[in-house]
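Working through the structure, step by step
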Protein chains: 2
Amino acid sequence: MARIFQIEKKCPQTKARTGFLFTRRGIIETPVFMPVGTQASVKSLTPEDVSGLGARIILANTYHLFLRPGHELIARLGGLHCFMNWPRSILTDSGGFQVFSLAKLCKIEEDGARFQSHLNGQEYLLTPELSMEIQAGLDSDIRMVLDTCIPYPCPYEEAKRLTELTHRWEERSRLAWQKNHRESLLFGITQGGMFEDLRRYSAKVITSLDFHGYAIGGLSVGEPHDLMLKMLEASIEELPEGKPRYLMGVGTPHDILEAVSRGVDMFDCVLPTRNARRGTLYTSFGKISIKQARYKDDDRPIDPECQCYTCRNYSRAYLRHLFMAGELLVYRLNTIHNLHFYLCFMERIRNAIRKGHFEEFKKHYYERKEEVEC
Amino acid sequence: MARIFQIEKKCPQTKARTGFLFTRRGIIETPVFMPVGTQASVKSLTPEDVSGLGARIILANTYHLFLRPGHELIARLGGLHCFMNWPRSILTDSGGFQVFSLAKLCKIEEDGARFQSHLNGQEYLLTPELSMEIQAGLDSDIRMVLDTCIPYPCPYEEAKRLTELTHRWEERSRLAWQKNHRESLLFGITQGGMFEDLRRYSAKVITSLDFHGYAIGGLSVGEPHDLMLKMLEASIEELPEGKPRYLMGVGTPHDILEAVSRGVDMFDCVLPTRNARRGTLYTSFGKISIKQARYKDDDRPIDPECQCYTCRNYSRAYLRHLFMAGELLVYRLNTIHNLHFYLCFMERIRNAIRKGHFEEFKKHYYERKEEVEC
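Residues numbered from 1 in each chain as written. Chains lettered and ligands numbered in written order. Predicted model: local features only at pLDDT ≥ 70, side-chain atom pairs only at ≥ 80, totals over all residues. Heavy atoms only, no water.

Looking up chain A in an unreviewed UniProt entry gives the name Queuine tRNA-ribosyltransferase, with the organism given as Thermodesulfatator indicus. Here is the UniProt Catalytic activity (unreviewed entry) comment for chain A, exactly as written: "7-aminomethyl-7-carbaguanine + guanosine(34) in tRNA = 7-aminomethyl-7-carbaguanosine(34) in tRNA + guanine". In its Pathway (unreviewed entry) section, the UniProt record describing chain A reads: "tRNA modification; tRNA-queuosine biosynthesis." (UniProt positions renumbered as here; feature names shortened; annotations may be inferred.)

Structure (structure tokens):
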């Protein structure tokens, strides 16, 4: 197997590390944040906007693209990269999480997850093999195995049953991938609910299947922050050092900082893009809501320290006006700002790890957020 | 008075001409199409998108900006150019047309137009002086006098009364402009309803007030196309040759071609931008609706002859997918295409006039539209 991940530098105090992830379409510096392009579009941005912000990999959702416009159509049109005009890396999820969270009447069977489309009610059975087939049609660079979603809270026996079912699905996913889709990378997903022994058990089983990388699934589903970190630690301790680790669907800058400290390399989350469309903007002094009347006359940029296109060119007053008037441009300007914030934040994390002062960076980040008010 | 308009070339067969319009913020080649930026934003585009498409002047709406966020706020923030980050020319209308078409309970009085805001019902009296004051707050480069809007159909006596009231308002507008706002250009507006003698009368009176340019108002309000052209001809015949002529709110490519033939130099219209957001796209072979199922699998660009960013990078299938999925990006991609179409169309008109074959261009345009089907 060709080298797919290389650790560059480790933090001496924490488990944080920087590295390089190699896909068919380029090299990705880790820890990395992947903007979400659910329906073959990072909402409101062109691919040039996204790469101009520094993103080298985005995430697309298998569930959404399977239902509309369909992976077969995308395959006929040359795959997802060609379809959406994004030549860099794409990671696709398995569709599992959306089947559980968006679809109607989802039922877990041994063979797969039976569900009704949230768009038109049509029934489907998403099997590990179908998920691999869809992702192959999309021609993504990193593909995820199909897993189950363990609810929170969930009794021990049920969590165990679903974790073991996930293991069987992942083995089937791996077989399906080996037959046809070896051009991409394939990541396994560890589960285990909120039980430390199940977390360790799952991580060991999944590691034995030898994937290119490992996701930690089923976290940030409503559990307390401390419990999430404990489960994350238990999972990561059993994962191989030399492979990339991906914390799916997480999260806030705070979550990311804590997860990086525990050895996570990859993140995706809708927060920066969704918040942008709702007028909530990230700054070096915390979040602000651009809707507030206090910004009506405010000629300052969102964040005077920010160098993004939006902050270099537009005032809070203008953004507030666009938002109140329902002008489409505001979604793009806000999204550019929030993604810039996230991607810069990751870059600063990487640089802090490289220079050996990640602990100070973390401390400074928390202090800074407390002290400034806008 | 400094030179503000220079005719470059006249068509030997028609009344079409090319020219240069000089504002404080640059030189504009005419005939020109001005994209509409109603609420201080050309919907879905950044100023860089708009200037990248070749636009050197846009229109903003006095009525909308007066109500939200208010001209005083914009003035405090440095004027509209600074507020919206558009350094090139801006033409503002007088607010009159929107008062008549959007506001509630509009009542015309000698002093001005009394109306209730369509946003919150608050009552205002828009006088010629207030319109000038708002436009001065916005600091636009070309300002329009307040006129009345003559409905269609309208009896002769009523059309005459409103035309004469317009003349009195325009004289007051001119006085208000002379006192405080001489840094901008001021355009008069001719009215006259659908009566040829009133059209000629109005054009003569307005010409005697000596504005920098002349708009032909009250057309394209529901009357038959031929009647519009007849009224346009009557108005223009009485306007001075050496001043720019502006046909407000018009129109389709066909309308523009016919109006240019009759000596019009300036146009604005929401059609390309509004149609873009509704999925209706202009092509060299007529309009298409990207929503149609026939484009589901279509890997061709909107218009294979088009060189716009959208056509160079995206298929009809992708645009249709974005449209059906409600993805924000499609509004921008469609708007770029439609504005490119309009602005290129104007450039081709100008070049045809310059090269002395505008008549052939027109003929070819009509033939082409008939013959191709997609």
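1. Digging into the state of the cysteines
Enumeration over the complete set of coordinates arrives at 0 disulfides over all chains. Distance from the sulfur of Cys269(A), which forms no disulfide, to the nearest cysteine sulfur (Cys149(A)) is 15 Å. (Disulfide = S-S within 2.5 Å.)

2. Considering the UniProt feature "binding site: Zn(2+)" (unreviewed entry) in chain A
Residue and element names in this part refer to chain A. Feature annotation in UniProt assigns "binding site: Zn(2+)" (unreviewed entry) to the following positions: Cys306, Cys308, Cys311 and His337. The greatest C-alpha distance among the residues just named is 8.4 Å, despite their covering 32 residues of sequence, which places them together in space. Following the sequence through the fold, cysteine 306 ends up in the loop between β16 (286-289) and α12 (309-313). Classification of cysteine 306 by relative accessible area gives buried; the value is 11%. Those residues in contact with cysteine 306 that lie beyond four places of it in its chain are Cys311, His337 and His340. (Helix = DSSP H or I, 4+ residues; strand = E, 2+ residues; numbered from the N terminus. Buried < 20%, exposed > 50% of the residue type's maximum accessible area, 1.4 Å probe, protein only. Contact = heavy atoms within 4.5 Å.)

3. Some thoughts on the environment of Val205(B)
Take Val205(B): it is sitting in helix α8 (residues 196-208). Val205(B) gets classed as partly exposed once you look at its relative accessible area, which sits at 23%.

4. Some thoughts on the side chain of Asn334(A)
Residue and element names in this part refer to chain A. Residue placement: asparagine 334 occurs in helix α14 (residues 329-354). Here alanine 276 takes part through its backbone oxygen, which lies 3.1 Å from a polar atom of the side chain of asparagine 334. If near-sequence neighbours (up to four positions away) are discounted, asparagine 334 is found in contact with Ala276, Gly279, Leu281, Ile290, Leu319 and Phe323. (Polar contact = N/O pair within 3.5 Å; in protein donor to acceptor, adjacent residues only side chain to side chain.)

5. Observations concerning the relation of the copies chain B and chain A
Placing chain B over chain A gives an RMSD of 0.0 Å and needs a rotation angle of 180 degrees, together with 0.0 Å of translation along the axis. On the angle and the small slide along the axis, the relation comes out as a two-fold axis. Rotation axis and chain B: the residue whose C-alpha lies nearest the axis is Leu328(B), separated from it by 3.9 Å. A share of 100% of the interface residues of chain B reappears at the interface of chain A, consistent with the copies meeting face to face through the same patch. (Least-squares fit on C-alpha atoms with pLDDT ≥ 70 in both.)

6. Quick notes on the interface of chain B and chain A
Taken together, the contact pairs 38 residues of chain B with 38 residues of chain A. Around 3200 Å² of area is buried between chain B and chain A when both sides are counted, 54% of it from carbon and sulfur atoms. Viewed at the interface, chain A and chain B are joined by 6 salt bridges. Inspection of the chain B/chain A interface yields 24 residue pairs in polar contact (both at pLDDT 80 or more). Going through the elements one at a time, α1 (47-52), α3 (71-76), α4 (80-84), α12 (309-313), α13 (316-324) and α14 (329-354) of chain B are the ones with two or more residues in the side of chain B that touches chain A. The element contributing the most residues to the side of chain B that touches chain A is α13(B), with 5 residues. Tallied by class, the residues present in the side of chain B that touches chain A amount to 20 nonpolar, 7 polar and 11 charged. (Buried area = accessible area lost by both parts, 1.4 Å probe. Salt bridge = Lys/Arg side-chain N within 4 Å of Asp/Glu carboxyl O. Nonpolar A, V, L, I, M, F, W, Y, C, P; charged D, E, K, R; others polar.)

7. Here we look at the sheet that holds strand β9 (residues 123-126) of chain A
All names here are of chain A. Read from one edge of the open sheet, 3 strands run β7-β8-β9, paired in antiparallel fashion. Because the sheet does not close on itself, it has two edges, and the strands there are β7 (104-108) and β9. Geometrically, the sheet is characterised by an average inter-axis angle of 15 degrees between neighbouring strands, direction not taken into account. As paired strands, strand β8 (residues 113-116) and β9 are joined by 4 bridges and run antiparallel to one another. Within the sheet, the bridge partner assigned to alanine 113 lies in β9 and is leucine 126. (Pairing = 2+ DSSP bridges. Axes fitted to C-alpha atoms, helices over the stretch in contact; angles between N-to-C directions.)

8. Things to note about the pairing of β7(A)
Each regular strand carries side chains that alternate between the two faces of the sheet. Residues and elements named next belong to chain A. Sheet topology places β7 next to β8; 3 bridges connect them, and they run antiparallel. The residue bridging lysine 107 from the neighbouring strand is arginine 114, located in β8. Joining the antiparallel neighbours β7 and β8 is a turn of 4 residues.

9. Digging into the pattern of salt bridges
Applying the stated criterion across every chain yields a total of 68 salt bridges over all chains. Residue Lys43(A) pairs with Glu327(B) through a salt bridge whose shortest N-O separation is 2.6 Å. With Lys43(A) in the loop between β4 (32-34) and α1 (47-52) and Glu327(B) in the loop between α13 and α14, this residue pair bridges two chains. Residue classification places Lys43(A) among the partly exposed residues on the basis of a relative accessible area of 22%. Taking relative accessible area as the criterion, Glu327(B) reaches 1% and is therefore assigned buried. Note that Asp298(A) and Arg300(A) form a salt bridge whose closest N and O atoms lie 3.1 Å from each other.

10. Focus: the packing of aromatic side chains
All names here are of chain A. Evaluated as defined, the whole model comprises 32 aromatic pairs over all chains. Ring centres of phenylalanine 341 and tyrosine 342 lie 6.4 Å apart, and the angle between their planes is 65 degrees; this geometry places the pair in the edge-to-face category. On the basis of relative accessibility, which here comes to 0%, the residue tyrosine 342 falls in the buried class. On the numbers, 5.8 Å between centres and 70 degrees between planes, the contact of tyrosine 365 with tyrosine 366 is edge-to-face. Residue classification places tyrosine 365 among the buried positions, given a relative accessible area of 10%. On the basis of relative accessibility, which here comes to 23%, the residue tyrosine 366 falls in the partly exposed class. Members of the aromatic cluster, each reached through a chain of ring pairs, are Phe33, Tyr282, Phe341, Tyr342, Phe345, Phe361, Tyr365 and Tyr366. (Phe/Tyr/Trp six-rings, centres within 6.5 Å; stacked < 30°, edge-to-face > 60°.)

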